[in-house]
Amino acid sequence: MDDDTSEQAFAELQSRNLGGWGLAQIGFGTGLAIYAMWVGILQPGFRKVPLKLQVPYIPASKAQVDNVMTLLKGRNGGLVDLGSGDGRIVLEASRRGFSPAVGYELNPWLICLSRFHAWRADRHEKVSFRREDLWKVDLTECKNITVFLAPSVLLVVTECLLDELPDDALVVAGRFPFPDWAPCRVEGCGVDRAWAYNMQGLYNHADTFN
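The protein chain is annotated in an unreviewed UniProt entry as Adenine nucleotide translocase lysine methyltransferase of Takifugu rubripes. Its UniProt record gives the protein chain the following Sequence similarities (unreviewed entry) comment, quoted word for word: "Belongs to the ANT/ATPSC lysine N-methyltransferase family."

If you want it as structure tokens, here you go:
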């Protein structure tokens, strides 16, 4: 993704009217993310995250969630959301039949918020949210993966996905595309856009240039 596209996406995020509840959640998640970073400094075992890889919490819009689900239509089995935030992608995936639906998130307060949302939606027994380092998650059995991550993080996670995902896996990115991957499908426009990546196609493309 070029610089102009990134700047446009960030500008749209800044100008979007999130509403009172959305702003409250951003304030809640961002403030508590600062606390989590502070804990990370005082407790080296927690996690040392380079500044360029720290992702601000911005809740996905309904349009973003719908676009992600449209790209996953027709697929089944489990779903993993890397950097699951407040859990809305995982909850919607569960509503649409994905099982198990699992979210991985480092911020402990967002994990609590996700579990509250799951309880309120009466889906707490059908989804799970785990506080785990994204780089240590075992992806070898994952067939459906969603990510809402910053471009700097997508560059790093690319290698993990290529190394571990099976050929028939589908990766869906929201808000920002993978910088070096060609999507097989795109849904929506502007900041609500989502990109789907077929791993078999990516592996074949890589083999062509090897």
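Asks: Tell me about the side chain of Asn144, residues and numbers included.
Replies: Of note, Asn144 is situated in strand E4 (residues 144-147). Residue Asn144 is classed as buried on the basis of its relative accessible area, which comes to 0%. Polar contacts involving the side chain of Asn144 include one to the side chain of Arg75, which spans 2.4 Å. Polar side-chain contacts of Asn144 include one of 3.0 Å to the backbone oxygen of Asn76. Not counting chain neighbours up to four residues away, the residues in contact with Asn144 comprise Leu72, Arg75, Asn76, Gly77, Gly78, Leu79, Val80, Phe98 and Leu170.

Asks: An account of unusual backbone geometry is requested, with residue identities and associated values reported.
Replies: Cis geometry marks the peptide bond from Ser99 to Pro100, where omega comes out at 0°. As for its placement among the helices and strands, Pro100 is situated in the loop between helix H4 (88-95) and strand E2 (101-104). For Asp122, which is not glycine, the phi torsion reads 60° and is therefore positive. Structurally, Asp122 can be placed in the loop between helix H5 (108-120) and strand E3 (127-130). The backbone of Arg175 sits at a positive phi, close to 75°, despite the residue not being glycine. Turning to its location among the elements, Arg175 is positioned in the loop between strand E5 (170-174) and strand E6 (185-187).

Asks: Residues and numbers for the sheet that holds E4, please.
Replies: Strand order in this open sheet of 7 strands is E3-E2-E1-E4-E5-E7-E6, and the pairing throughout is mixed. Both outer strands of the open sheet, E3 and E6, are each paired with one neighbouring strand and no more. The average undirected angle you get between the axes of adjacent strands in this sheet is 20°. Here 4 bridges tie E4 to E5, and the two strands are oriented parallel to one another. Looking at the pairing, Asn144 lines up with Leu170 of E5.

Asks: Tell me what's going on with the packing of helix H3 (residues 62-71) against H4, and back it up with residues and numbers.
Replies: In contact at an axis separation of 10 Å, H3 and H4 are set at 45° when each is read in the N-to-C sense. Considered as vectors, H3 and H4 are oriented oblique to each other. When the axes of H3 and H4 are compared, the crossing they make is right-handed. Taking contact as the criterion, the partners of Val65, Val68 and Met69 in H3 are, on H4, Arg88, Ile89, Glu92 and Ala93. Its residues assigned to classes, the contact of H3 with H4 comprises 5 nonpolar, no polar and 2 charged.

Asks: Quick one: what's the story with the pattern of salt bridges, residue by residue and with numbers?
Replies: Evaluation of the coordinates by the stated rule reveals 6 salt bridges. A salt bridge links Asp66 to Arg96; its shortest N-O distance comes to 3.7 Å. Of this pair, Asp66 sits in helix H3 while Arg96 sits in the loop between H4 and E2, and the two are 30 residues apart along the sequence. Using a relative accessible area of 25% as the deciding quantity, one classes Asp66 as partly exposed. Exposure remark for Arg96: the relative accessible area of 44% places this residue in the partly exposed category. In this structure, the salt-bridge partner of Arg88 is Asp86, at a minimum N-O distance of 2.6 Å. Among the ionic contacts, a cluster of salt bridges with common partners joins Lys62, Asp66, Glu92, Arg95 and Arg96.

Asks: Describe the side chain of Ser61, naming the residues involved and giving the relevant values.
Replies: When you line up the elements, Ser61 lands in the loop between helix H2 (19-42) and H3. With a relative accessible area of 15%, Ser61 lands in the buried category. Among the polar contacts made by the side chain of Ser61, one reaches the side chain of Asp192 at a distance of 2.9 Å.

Here is what the cut-offs are and how they apply
- Residues numbered from 1 in each chain as written.
- Predicted model: local features only at pLDDT ≥ 70, side-chain atom pairs only at ≥ 80, totals over all residues.
- Heavy atoms only, no water.
- UniProt positions renumbered as here; feature names shortened; annotations may be inferred.
- Helix = DSSP H or I, 4+ residues; strand = E, 2+ residues; numbered from the N terminus.
- Buried < 20%, exposed > 50% of the residue type's maximum accessible area, 1.4 Å probe, protein only.
- Polar contact = N/O pair within 3.5 Å; in protein donor to acceptor, adjacent residues only side chain to side chain.
- Contact = heavy atoms within 4.5 Å.
- Pairing = 2+ DSSP bridges.
- Axes fitted to C-alpha atoms, helices over the stretch in contact; angles between N-to-C directions.
- Parallel < 35°, antiparallel > 145°, perpendicular 65-115°, else oblique.
- Left-handed = near helix turned anticlockwise from the far one by under 90°.
- Nonpolar A, V, L, I, M, F, W, Y, C, P; charged D, E, K, R; others polar.
- Salt bridge = Lys/Arg side-chain N within 4 Å of Asp/Glu carboxyl O.

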